[in-house]
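Structural characterization, general
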Amino acid sequence: MAGFQEKVATFEHHVSVRQIGIAERLAASFECGDQNDPLMESGFVILSAVMAYFEMIAQAKAGTTSEKQSTSFFLSGFRDVYPNSGFSEDQIRTVCGWVRCGMYHDAMPKFETYLDRNLTAAFQWCNGNLCINPAQLVRDVRKHFTEYVAVLRASDAATQITHQMFVNWFDGSQIPPFPRSTTAITTPMGTPAPRIPR
């Protein structure tokens, strides 16, 4: 059975490298806005990857899974990342429905949702429209995650409850230690993995 530090390392690598790290690369292209770079259109891919962070971090902090409570966990995670957003509960629920659920279920946001690479905030309401800067969202999530992992790696008495909540969630979610790499030579069934051009 994996020890605490191994669980933290697995969690950190998966979120930091495989999700936020990739999103940061896409965000650099999105933010640059170079018409010759096809990745300037990566804003919605960024949302697909990063919007799951809010529910995930709320689960880790609460020490339980969000089964049948996704929206309430999303709200909790959003408030944790953006404690001073000024968004009402209804507005956060709208962000969840339009963006998180829209991207997850329909591969695109719902209703009046727009991307703006010049927006200074990650989320902003503009005359009833929801405006999002995916690059700023990635920066905010990176900062929040870095701070959370630092608490997990601290060993003082004040962090023990946080540690226990994380372990409860990690074990309850049945996350395997060191999930298989996406660059493994073969898939679990033995099919050769696709070659990545260099």
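Structure report, in brief. In this convention, every chain numbers its residues from 1, walking through the sequence in written order. Given that the model is predicted, a residue must reach a pLDDT of at least 70 before its local features are reported, and side-chain atom pairs must reach 80 or more before they are shown or counted; all residues, however, enter totals for whole chains, interfaces and linings. Computation of side-chain values covers all heavy atoms of the structure but excludes hydrogens and water.

Concerning the nonpolar core
- By nonpolar core we mean a set of buried residues, namely Ala, Val, Leu, Ile, Met, Phe, Trp, Tyr and Cys, connected to one another through side-chain atoms within 4.5 Å. Here's how the labels work: a residue is buried when its accessible area is under 20% of the maximum for its type, exposed when over 50%, partly exposed in between, all with a 1.4 Å probe on protein chains only. In this structure, Phe-11, Phe-123, Leu-137 and Phe-166 are the most contacted members of the largest nonpolar core, which totals 46 residues.
- Per the convention used, a helix needs a DSSP run of H or I reaching at least four residues, while a strand needs a run of E reaching at least two, with both numbered from the N terminus. Among the elements of the structure, α1 (4-32), α2 (43-50), α3 (52-62), α4 (70-81), α5 (89-106), β3 (129-132), α6 (134-153) and α7 (160-172) are those that each provide at least two residues to this core.
- In this view, Leu-137 contacts Leu-47, Val-50, Met-51, Phe-54, Tyr-82, Ala-122 and Phe-123; residues no more than four positions away in its chain are not counted. In this description, contact between two residues means that some pair of their heavy atoms is separated by no more than 4.5 Å.

Comments concerning unusual backbone geometry
- In the Ramachandran plot, Lys-68 falls in the positive-phi region, its phi being about 65° despite a non-glycine side chain.
- The class of Lys-68 is exposed, set by a relative accessible area of 82%.

Considerations on the side chain of Glu-55
- Mapped onto the elements of the fold, Glu-55 is located in helix α3.
- Polar contacts involving the side chain of Glu-55 include one to the side chain of Arg-100, which spans 3.0 Å.
- Setting aside residues no more than four positions away along its own chain, Glu-55 makes contact with Ser-66, Ser-70, Phe-73, Phe-74 and Arg-100. Polar contacts, as used here, are pairs of N or O atoms within 3.5 Å; protein pairs need one atom able to donate a hydrogen and one able to accept it. Residues neighboring in sequence count only if both atoms are side-chain atoms.

Topic: α4
- Across its twelve residues, α4 extends 16 Å between first and last C-alpha, which sits within 8% of the 16 Å expected from 1.5 Å per residue.
- Taken together, the buried positions of α4 are Phe-73, Phe-74, Leu-75, Gly-77, Phe-78 and Val-81.
- Those residues of α4 hidden inside the fold are in contact with α3, α5, β2 (123-126) and α6. Take the residue count of a helix, subtract one, and multiply by 1.5 Å to get its expected span.

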